[in-house]
Amino acid sequence: MNPGGGPWTWKKVSVLHPPVSMEEGRRQCSGAIRSHVYRIFAFESSLYERCVGLSWCSACRRYVGGVVHVPRDEVLPDPLAGLVDEERSKLTRSEHRLLDHLDRLIRQGRWPGADLADPGNRPQRR
Ligand SMILES: [Zn+2]
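Note that this is a predicted model, so its numbers are computed, not measured. (Residues numbered from 1 in each chain as written. Predicted model: local features only at pLDDT ≥ 70, side-chain atom pairs only at ≥ 80, totals over all residues.)

S.K.: So what about the sheet that holds strand β4 (residues 62-69)? Which residues, and what values?
M.R.: Reading across the sheet, the 4 strands line up as β1-β4-β3-β2 and stay open at both edges, with mixed pairing between neighbours. The sheet terminates laterally at β1 (11-12) and β2 (33-39), the two strands that pair on one side only. Strand direction decides the pairing type here: strand β3 (residues 50-57) and β4, joined by 8 bridges, are antiparallel. When the sheet's bridge partners are listed, C57 is paired in β4 with R62. Sitting on the sheet, helix α2 (residues 95-107) is in contact with β2, β3 and β4, with an inclination near 60 degrees to β3. (Pairing = 2+ DSSP bridges. Helix = DSSP H or I, 4+ residues; strand = E, 2+ residues; numbered from the N terminus. Contact = placed C-beta atoms within 7 Å. Axes fitted to C-alpha atoms, helices over the stretch in contact; angles between N-to-C directions.)

S.K.: Tell me about the environment of V13, and name the residues and values.
M.R.: Position of V13 among the secondary structure elements: in the loop between β1 and β2. C-beta crowding within 10 Å serves as the criterion here: with 15 such atoms nearby, V13 is assigned to the partly exposed category. For the pair V13 and V64, spaced 51 residues apart in the sequence, the C-alpha separation amounts to 5.5 Å. The contacts of V13, once residues within four sequence positions are left out, are R62 and V64. (Buried ≥ 20, exposed ≤ 12 C-beta atoms within 10 Å, placed from the backbone.)

Everything listed here is a matter of coordinates, which is why it stays silent on function.
In structure tokens, the structure reads:
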């Protein structure tokens, strides 16, 4: 499904899967919505609690993103944990790239939550 006919890329929208409007006359997508929240500031920063929250649908390749507030003491799952720093920063610099990566993890069944029970199983490449 590629309604735009353009390159198969992520499209940022203000609302994911909005109610179908008369105007658009398009069927609402039934794809599952996934979310990921990650920190962009260092622990020492006073802005540490300001995180980026992404939600996306792999079926229609639409996503929403914005700043979310997560308390300092809350530990966020880190799907990029196995990556080297360089790779990590490359992904976090581009929302599209990050979404591609996360989407791949989901398809491979490597999404955090699925493997949290056995965290020692990841290869350490540092
Ligand atoms: Zn969708």
